[in-house]
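# Chain and residue survey
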Amino acid sequence: MRWTKRVAGWIAFLVVALCVNTSANAQGKRKVIIDQDCAGPGGTDMQAILALINSPDTDVLGITVLTGDAWRDEEVQHTLRLLEIIGRTDIPVVPGAAFPLVNSKEYIAKWETLYGRVVYQGAWNFARGYAVHGPYNIPPMPEGAPTTKPSTEDAARFMVRMIRQYPHEVTIYAAGPMTDLALAIALEPHFAELSKELIVMAGSINPRTDDPEFSLTPRREFNFWMDPEASRAVLHAHWPRIVLTTVDISVQTRMEKSLIVAIAKSLSPGAQYVAKYAEANYLWDELAAVAWLDPSFITKWQKLYIDVDTDRGASYGDTLVWAPGQQPGVGEQLVEVQKELDKEKFYKEYVELLSRPTPKSSSTPAQ
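A short tour of the structure in this document, coming up. Every value quoted in this text rests on a predicted model; they were computed, and no experiment measured them. Sequence order as written defines residue numbering, which begins from 1 separately in each chain. Reporting in this predicted model follows two pLDDT cut-offs: at least 70 for local features of residues, and 80 or more for side-chain atom pairs to be given and counted; totals over whole chains, interfaces and linings ignore these cut-offs and use all residues. Computation of side-chain values covers all heavy atoms of the structure but excludes hydrogens and water.

### Comments concerning the nonpolar core
Basically, it comes down to this: Buried Ala, Val, Leu, Ile, Met, Phe, Trp, Tyr and Cys residues that are joined via side-chain atoms within 4.5 Å together make up what is termed a nonpolar core. Here's how the labels work: a residue is buried when its accessible area is under 20% of the maximum for its type, exposed when over 50%, partly exposed in between, all with a 1.4 Å probe on protein chains only. Under the DSSP-based scheme used, a helix requires at least four consecutive residues in state H or I and a strand at least two consecutive residues in state E, with every element numbered from the N terminus.
Ile63, Tyr173, Met255, Phe346 and Tyr350 are the most contacted members of the largest nonpolar core, which totals 57 residues. In terms of residue count, helix 14 (residues 284–293) provides more of this core than any other element does, 8 residues in total.

Listed below in structure tokens is the structure:
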């Protein structure tokens, strides 16, 4: 009898210890909301999402999806399908903005008659594997259509709710246009202050590249350009910290064939998805994501004041930059801008993240 009680006591102790350890691990993870224009399958958007989810250090509260590289509704479907493939349907997929606050495809068509062609306009003039289409059409999905459904909540309200639930704990990772964030700020004036930090892939200052999209228009970058008014609102909000991955550093990277081959060696569903759908391009969003997880491979930083031009002239949507002391002083925020990186270290960590098995959920989904 005494022996039985002793065994029962040890079992109870182990159960409590396991629960405490699991809770501590969940609490110790870095909470993040991924605000992304989720074109797919594969590509920079999906690969960045996978890197963040695969990290053992993150608790992804949700993925908010807005029009950018593709239209929102098709992006939602690609995101749901990716989460099915990697076994993480516990992560909410929350539809966001379908259109910018002010800018529009029709306006830019008229703007081009005055100032020249904009090479890349995301969903407005580009589609991969099918014709450019309207906002509510969903082309056939190479990876298969999802059976799961998106959240019925909208992105701005979801983000505000999460920030209020976890004040000063949530990182916002933003790698698409800024519309969802601007709407969240409009709903909750203290949204930025209640966050932990803002990690952004956007902006272009003075990239050293022969790529004609940037060499001839070095201040035009798509994520800031598509919704300039939203970008300005976000950059004027009082975030505790803003980190910026620009075109300047992104064009130093590339989804080399050797990286795809290395990832393909893993049998994890996520790695096989990447191997099947990856393409040669700059590692735009992945660089911002992996540098947030481990900033040690960023070898040079610069603090600058950043804004976006909202005058509807030739520089509409361009990135505006000032060194400290030279800014106009009308609400611009100081931003930590990445300048240079240890590319080999980044590639190594990137391959490891996309190759590893996707962690199982350790917390209750943010419904």
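### Comments concerning helix 3 (residues 72–86)
Let me state the cut-off plainly: A helix is expected to span 1.5 Å for every residue after the first. Residues count as neighbours in contact if any of their non-hydrogen atoms are within 4.5 Å of one another.
Here helix 3 spans 21 Å end to end across 15 residues, near enough to the 21 Å set by a 1.5 Å rise per residue. Counting buried positions over the 15 residues of helix 3 gives 11, a clear majority of the element. Looking at the buried positions of helix 3, the neighbouring elements they touch are helix 2 (43–54), strand 2 (58–65), strand 3 (93–95) and helix 13 (269–277). Of the residues flanking the end of helix 3, it is Gly87, one or two places downstream, whose phi is positive at about 75°.

### A closer look at the environment of Leu341
Take Leu341: it is sitting in strand 9 (residues 333–341). C-alpha of Leu341 to C-alpha of Asp285: the two residues are 56 residues apart in sequence and 15 Å apart in space. With near-sequence residues (within four places) excluded, Leu341 lies in contact with Ile249, Gln252, Thr253, Leu287, Phe297, Ile298, Thr299 and Phe346.

### Description of the sheet that holds strand 8 (residues 319–322)
Threshold: Two strands qualify as a pair provided DSSP detects at least 2 bridges between them. Axis definition: a line fitted to C-alpha atoms, over the contacting stretch in the case of helices. Angles run 0 to 180 degrees between N-to-C directions.
One open sheet holds the 9 strands; their spatial order is 3-2-1-4-5-6-9-7-8, and the pairing between them is mixed. The strands lining the two open edges of the sheet, one partner per strand, are strand 3 and strand 8. Here the strands of the sheet are splayed against their neighbours by 30° on average, with no regard to which way each runs. In this sheet, strand 2 lies alongside strand 1 (residues 30–36) in parallel orientation, the contact comprising 7 bridges. Bridge assignment links Val32 to a residue of strand 2, and that residue is Val60.

### Points about the packing of helix 2 against helix 14
The condition that has to hold: Roughly parallel means an angle under 35 degrees; roughly antiparallel means over 145; roughly perpendicular covers 65 to 115; every other angle is labelled oblique. Working rule for handedness: look at the near helix, and if it is turned counterclockwise from the far one by less than a right angle, call the crossing left-handed; if clockwise, right-handed. In this classification, Asp, Glu, Lys and Arg are treated as charged, Ala, Val, Leu, Ile, Met, Phe, Trp, Tyr, Cys and Pro as nonpolar, and every other residue, Gly included, as polar.
Viewed as axis vectors pointing N to C, helix 2 and helix 14 meet at an angle of 15°, and their least axial separation amounts to 7 Å. With respect to their mutual orientation, helix 2 and helix 14 come out roughly parallel. The handedness of the crossing between helix 2 and helix 14 is right-handed. Facing helix 2, whose interface residues are Gly43, Thr44, Asp45, Gln47, Ala48, Ala51 and Leu52, helix 14 presents Trp284, Asp285, Glu286, Ala289, Val290, Trp292 and Leu293. Residue composition of the contact of helix 2 with helix 14, grouped by class: 8 nonpolar, 3 polar and 3 charged.

### Remarks on the pattern of salt bridges
We apply this condition: When a carboxyl oxygen of Asp or Glu lies within 4 Å of a side-chain nitrogen of Lys or Arg, that pair is called a salt bridge.
Applying the stated rule across the entire model yields 12 salt bridges. A salt bridge links Asp154 to Arg157, with the shortest nitrogen-to-oxygen separation between them at 2.9 Å. Residue Asp154 is classed as partly exposed on the basis of its relative accessible area, which comes to 28%. A salt bridge links Arg164 to Glu188, with the nearest nitrogen and oxygen atoms 2.9 Å apart. Linking Arg164 in helix 5 (residues 155–165) with Glu188 in the loop between helix 6 (179–187) and helix 7 (191–194), this pair joins segments that are 24 residues apart in sequence.

### Quick notes on unusual backbone geometry
With an omega dihedral of 0°, the bond running from Gly40 to Pro41 counts as a cis peptide bond. As for its position among the elements, Pro41 is in the loop between strand 1 and helix 2. One non-glycine residue with positive phi stands out, namely His168, at about 65°. Looking at where His168 falls in the secondary structure, it is placed in the loop between helix 5 and strand 4 (170–174). According to the relative accessible area criterion, His168 is exposed, its value standing at 51%.

### Here's the deal with the side chain of Gln338
Definition in use: N or O atoms closer than or at 3.5 Å make up a polar contact, with two conditions inside protein: a donor-capable atom paired with an acceptor-capable one, and, for residues adjacent in sequence, both atoms drawn from side chains.
Inspection of the secondary structure assignment puts Gln338 in strand 9. Within polar-contact distance, the side chain of Gln338 engages the side chain of Thr245 at 2.7 Å. Each residue touching Gln338, except ones within four places of it in the same chain, is listed here: Val243, Leu244, Thr245, Thr246, Ile249, Ala291, Ile298, Lys300 and Trp301.

### Points about the layout of surface pockets
Selection rule: With a 1 Å grid spanning the protein atoms alone, the term cavity applies to any set of points in which a 1.4 Å probe fits but cannot get out, the term pocket to an open set with protein on both sides within 12 Å along at least five of seven lines, and the term lining residue to any residue with an atom within 4 Å of a point. Grid points are joined across faces, edges and corners, and a volume is the space filled by probe spheres set on the points.
Approximately 780 Å³ is the volume found for the largest pocket. Asp69, Tyr120, Phe126, Asn281 and Trp284 are the residues nearest the centre of the largest pocket, which is lined by 40 residues in total. The greatest single-element share of the lining of the largest pocket, amounting to 4 residues, is contributed by helix 2. Taken together, the residues of the lining of the largest pocket break down into 19 nonpolar, 9 polar and 12 charged. Computed from the structure, the second largest pocket encloses a volume of approximately 320 Å³. If you trace the second largest pocket, you find 13 residues lining it, with Asn206, Arg208, Asp248, Gln252 and Lys339 closest to the centre. A total of 4 residues in the lining of the second largest pocket trace back to one element, the largest contributor, which is strand 9. Grouping the amino acids of the lining of the second largest pocket by side-chain chemistry returns 4 nonpolar, 4 polar and 5 charged.

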